[in-house]
Structures are given as structure tokens and as C-alpha cells.
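Chain by chain, the residues:
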Amino acid sequence: MSEGIIPLRRRGDERSALARVDAAAVEMLANGQATTLRVARAEVILADLREQRDQLTTLLADLRGREPTSEPQIDEAKANLITAINQGIVQIDLFVAQGRAYAAGSEAD
């Protein structure tokens, strides 16, 4: 039954990422959108990761759609950005896979 316990936050923590995740998770739980607080937290974090992935994908498409310039430094910077964004997307995909496994394990508990 410890899943129903919501930890209290210290003053000033209201704006932290954890407080935001907890608030959204509690709302999901209260609305019957999750079976436990742990699952709700995982779902909130997964939704955030998916949103960040979508933003990176949009940025990647924009960069790839730009024509090369006559400035080698700019074109090199663009290529480096594309590589970094691709690596970020791969990392997010790994986090999402781990989060799904965590959420599935939490539902089984």
C-alpha cells in the first residue's frame, strides 16, 4: 500500500521536475488513468521523453532540409548538430525502452 503515499516536498521544491512529475502522476491516478502511483510516474516520464524525441525529430528534419552554405564552418557545425541530434534520439529511444520495461514490471508488482 506504500504506492499510495505521496512524499511531501520541502519549500522551494514545488518547481522541481520531480514535483511536476508527482503532480501529473497523482492527477493520472486520481482520474483512474493508472493503477499505481509508480506506474503513473513512469507514464508521465515516458510522455516527457516522447515529447522531447518529437522535438528533436522536428529539429533534425529542419536541419537536413537546409541547403549547404558556402561557409565550411557552418556546414561542419550543421553536420555535427545532425550527429548529436541523432545520438540524442537513440539515447531517448533507449530510455523509453527502459521506462516501458519498468512500467510493465511495476504493473506486475
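Just so it is clear, the model here is predicted, and its values are computed rather than measured.

Caption draft 1: Focus on the nonpolar core. If you look at the biggest cluster of nonpolar residues, it comprises eight residues: Val 21, Ala 25, Met 28, Ala 34, Leu 37, Val 39, Ala 40 and Val 44. Sorting the residues of this core by element identifies helix H1 (17–30) and helix H2 (37–65) as the ones contributing at least two each. Discounting residues that sit within four places of it in the chain, Ala 34 has contacts with Met 28, Leu 29, Val 39 and Ala 40. Listed in part, the five residues of the second largest apolar core include Leu 63, Ile 82, Ile 85 and Ile 89.

Caption draft 2: Inspection of the environment of Ala 34 at higher detail. Counting through the fold element by element, Ala 34 comes out in the loop between H1 and H2. Taking the relative accessible area as the measure of exposure, Ala 34 reaches 13% and is therefore buried.

Caption draft 3: Local environment of the pattern of salt bridges. Enumeration over the complete set of coordinates arrives at four salt bridges. A salt bridge links Asp 93 to Arg 53; the nearest nitrogen and oxygen atoms lie 2.5 Å apart. Of the two residues, Asp 93 sits in helix H3 (residues 72–108) while Arg 53 sits in helix H2, which places them 40 residues apart along the sequence. Where Asp 62 meets Arg 66, a salt bridge forms, and the shortest distance between an N and an O atom there is 3.0 Å. For Asp 62, a relative accessible area of 37% gives the class partly exposed.

Rules behind the numbers
Residues numbered from 1 in each chain as written. Predicted model: local features only at pLDDT ≥ 70, side-chain atom pairs only at ≥ 80, totals over all residues. Heavy atoms only, no water. Core = buried A, V, L, I, M, F, W, Y, C linked by side-chain atoms within 4.5 Å. Buried < 20%, exposed > 50% of the residue type's maximum accessible area, 1.4 Å probe, protein only. Helix = DSSP H or I, 4+ residues; strand = E, 2+ residues; numbered from the N terminus. Contact = heavy atoms within 4.5 Å. Salt bridge = Lys/Arg side-chain N within 4 Å of Asp/Glu carboxyl O.

These figures capture arrangement, not role.
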